[in-house]
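One-letter residues, chain by chain:
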Amino acid sequence: MTLRLTRRAALATGLATTGTLAAPAHAQTRERVARIWGEPGPYIGVFTNGMNEWAQRNAPGLRFESEQIAWDAVYTKLATDLAARRPPALISVESPIAYQLAAEGLLEPMQDVNQAIRARERLVDGFTVDDFGTWKGTQYAVPLHHQGCLFIMQDDARQEAGLSDPTNWTWTDLLNGAKAIQQKRQGSAGFTMALGRNLCGDYHIQQLIWQAGGLTWDPSRNFETTFNSPATIEAYEFIKELYGTMPRSAVEFSFLQVVDQHVTGRTGSSFYWGRTMGRAFDEAKPIYEKMEYYLNPAHPRTGARWSWTDINGFIMPRQNNPFIREAKEAMAHVMNNTEWMVRYSTSLFPNVGPVFKDQASAPGIVNHPMYQAKRRSVDVIFTGFVPHACNSGLEVKKGINPLAGIGHGRNVWSQVAQRILVNNENPRAAVEWGHRQFEDIRRENRRLLG
């Protein structure tokens, strides 16, 4: 994309006429605080430290401050802060909410930063800049990290139950394997996933829907609601059957409850991201030593192994944001520094997948103790799953969807599971209820579809 700017416009946007970021100013002396929102975890603090390194050298009086916030709370909190004319300077968020906010017209374009860090050339194979938050041809996000939700198996439990290598498992193998582990290990669940009314439940359920061939909205038909398909019903029926191998409390579980279940030895397998390995490494070495990651078991008919993926980037509120230029400069400073990006990933290894090739191949990554000890599993977490990467913002890679963040804000996918598992509702009837909720979301937000 070629930008034609006057000198005045270039100075106003912080762009030089070559497309690189403008030189920093040194005039500020009064302390100013620029807030950086990020999902819970240590990594946003690490990145903020890198931005403060830039600020100390180039913007006296400016301090970046990290603030942890779940991404399903971003829209509401941002609306409140915008109304107060006090938005954060930057937000680290998954792409579904980036697409929604871009469609709402609330974000600052980020092509200049992506050019300054050579994002397109540096991205690891399988991801594009657009995956992180492009809307109608304009880049509104800068790639930051990725996280795929995968199948985690305790190999000692698998061997005790006489099960095969999970590399080529299908749903049938998953169900039978979970039953066998549960029977062999009395008091232990065979399998665990989140089934509470929350984002984690949404994510786990959606990847099963996609594997069966289902969609929530169809971008090829102007996002017509397609939730009540036979594939969606099949996925929920499978979840109901699989629930028999899980802890009864799984209907309340969110993210960290699944991790806790696994690292305390109360399940033989689970769906989760890389954080489970990191927690086990720190807190439960016997669990860690027998833990292995695999691609999600394939649907027996479609062969699909879709993985719900956190495709996480930095977005920037545009309205009343006094830190646009400085935040862009500081962000580029950190992202152009491989050492800082390695620190970012290793702050919660291997949960925070490196997005840049130089970052992924750096000694600080490949020499990490977990990478050295669990190379096959870490390769699955970092690269092996990428052909199967997907999330609700780009369902089965059929088109960018601005409605997904709204759907997650209401937890419709997990609410359907609750109706089936808690209220004992027929799966078909529960899916029809969910279909109506998604139709309402589409009708109420048609303005976003253009």
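Residues numbered from 1 in each chain as written. Predicted model: local features only at pLDDT ≥ 70, side-chain atom pairs only at ≥ 80, totals over all residues. Heavy atoms only, no water.

Caption draft 1: Just empty space enclosed by the protein, in detail. Scanning the entire structure with this criterion turns up 1 cavity of 30 Å³ or more. Within this model, the largest cavity holds a volume of roughly 60 Å³. Contributing to the lining of the largest cavity are G126, F127, D131, I311, A389, C390, N391, L394 and K397. Taken together, the residues that form the lining of the largest cavity break down as 5 nonpolar, 2 polar and 2 charged. (1 Å grid on protein atoms, 1.4 Å probe; cavity = no way out; pocket = protein on both sides within 12 Å on 5 of 7 lines; lining within 4 Å. Points joined across faces, edges and corners; volume = space filled by probe spheres on them. Nonpolar A, V, L, I, M, F, W, Y, C, P; charged D, E, K, R; others polar.)

Caption draft 2: Spatial organisation of the sheet that holds strand β7 (residues 150-154). Sheet architecture is open: 3 strands sit in the order β10-β7-β11, paired in antiparallel fashion. Looking at the sheet topology across the chains shown, the edges are occupied by β10 (269-272) and β11 (291-294). Pairs of neighbouring strands in the sheet enclose a mean axial angle of 30 degrees, with direction left out of account. Examined bridge by bridge, β7 and β11 share 4 bridges and lie antiparallel to one another. Note that in β11 the partner of M153 across the bridge is E292. This element, helix α11 (residues 255-263), spans β7, β10 and β11 of the sheet and lies at about 150 degrees to β10. (Pairing = 2+ DSSP bridges. Helix = DSSP H or I, 4+ residues; strand = E, 2+ residues; numbered from the N terminus. Axes fitted to C-alpha atoms, helices over the stretch in contact; angles between N-to-C directions. Contact = heavy atoms within 4.5 Å.)

Caption draft 3: The arrangement of the packing of aromatic side chains in detail. Applying the stated criterion to the full structure yields 21 aromatic pairs. Pairing Y203 with F255 gives two aromatic rings, centres 5.9 Å apart and planes at 70 degrees, and the pair type is edge-to-face. Separated by 52 residues along the polypeptide, Y203 in helix α9 (residues 199-211) and F255 in helix α11 bring together distant segments of the chain. Overall, the relative accessible area of 1% leaves Y203 in the buried class. Using a relative accessible area of 25% as the deciding quantity, one classes F255 as partly exposed. With a centroid separation of 5.9 Å and 75 degrees between ring planes, the pair formed by Y203 and W273 is classed as edge-to-face. Of this pair, Y203 sits in helix α9 while W273 is found in the loop between β10 and α12 (275-283), placing the two residues 70 residues apart along the sequence. You'll find Y203 and W273 in the same group, each marked buried. Put simply, the rings of Y203, F255, Y272, W273 and W308 touch in pairs and so form one group of aromatic residues. (Phe/Tyr/Trp six-rings, centres within 6.5 Å; stacked < 30°, edge-to-face > 60°. Buried < 20%, exposed > 50% of the residue type's maximum accessible area, 1.4 Å probe, protein only.)

Caption draft 4: Representation of the pattern of salt bridges within the structure. Applying the stated rule across the entire model yields 29 salt bridges. A salt bridge links K77 to D81, with the shortest nitrogen-to-oxygen separation between them at 3.9 Å. With K77 and D81 both in helix α3 (residues 74-83) and 4 residues apart, the pair spans about one turn of that helix. Using a relative accessible area of 9% as the deciding quantity, one classes D81 as buried. Note that D440 is salt-bridged to R443, the shortest N-O span being 2.2 Å. Taken as a pair, D440 and R443 lie in helix α22 (residues 427-444) at a separation of 3 residues, close to a single helical turn. Relative accessible area serves as the criterion here: at 24%, D440 is assigned to the partly exposed category. According to the relative accessible area criterion, R443 is exposed, its value standing at 52%. (Salt bridge = Lys/Arg side-chain N within 4 Å of Asp/Glu carboxyl O.)

Caption draft 5: Region of the structure containing the confidence of the model for the protein. Averaged over the protein, the pLDDT score is 93; the fraction of residues at 70 or greater is 94%. For residues 1-19, every residue scores under 50 in pLDDT, and the model assigns this stretch 19 contacts once sequence neighbours within four places are set aside. (pLDDT = per-residue confidence, 0-100.)

Caption draft 6: Highlighting the side chain of E39. By secondary structure assignment, the location of E39 is in the loop between β1 (32-38) and α2 (43-58). As a buried residue without a salt bridge, E39 has its nearest oppositely charged side chain in R275, at a separation of 5.8 Å. A distance of 2.6 Å separates a polar atom in the side chain of E39 from a polar atom in the side chain of Y43. When neighbours within four sequence positions are excluded, E39 is seen to be in contact with I44, Q68, I69, S92, E94, H145, Q147 and N312. (Lys, Arg positive; Asp, Glu negative; His and termini not counted. Polar contact = N/O pair within 3.5 Å; in protein donor to acceptor, adjacent residues only side chain to side chain.)

Caption draft 7: Quick look at the packing of helix α10 (residues 230-242) against α22. In the contact formed by α10 and α22, the axes pass within 9 Å of each other and the chain directions differ by 125 degrees. Taken as axis vectors, α10 and α22 run oblique relative to one another. In this structure, α10 crosses over α22, and the sense of that crossing is right-handed. Listed contacts from α22 to T232, I233, Y236, E237 and K240 of α10 are P427, R428 and V431. (Parallel < 35°, antiparallel > 145°, perpendicular 65-115°, else oblique. Left-handed = near helix turned anticlockwise from the far one by under 90°.)

Caption draft 8: The arrangement of the side chain of N321 in detail. By secondary structure assignment, the location of N321 is in the loop between β12 (307-315) and α14 (324-335). A distance of 2.8 Å separates a polar side-chain atom of N321 from the backbone oxygen of P317. Within the local environment of N321, its side chain forms a polar contact with the backbone nitrogen of F323, the two atoms lying 3.0 Å apart.

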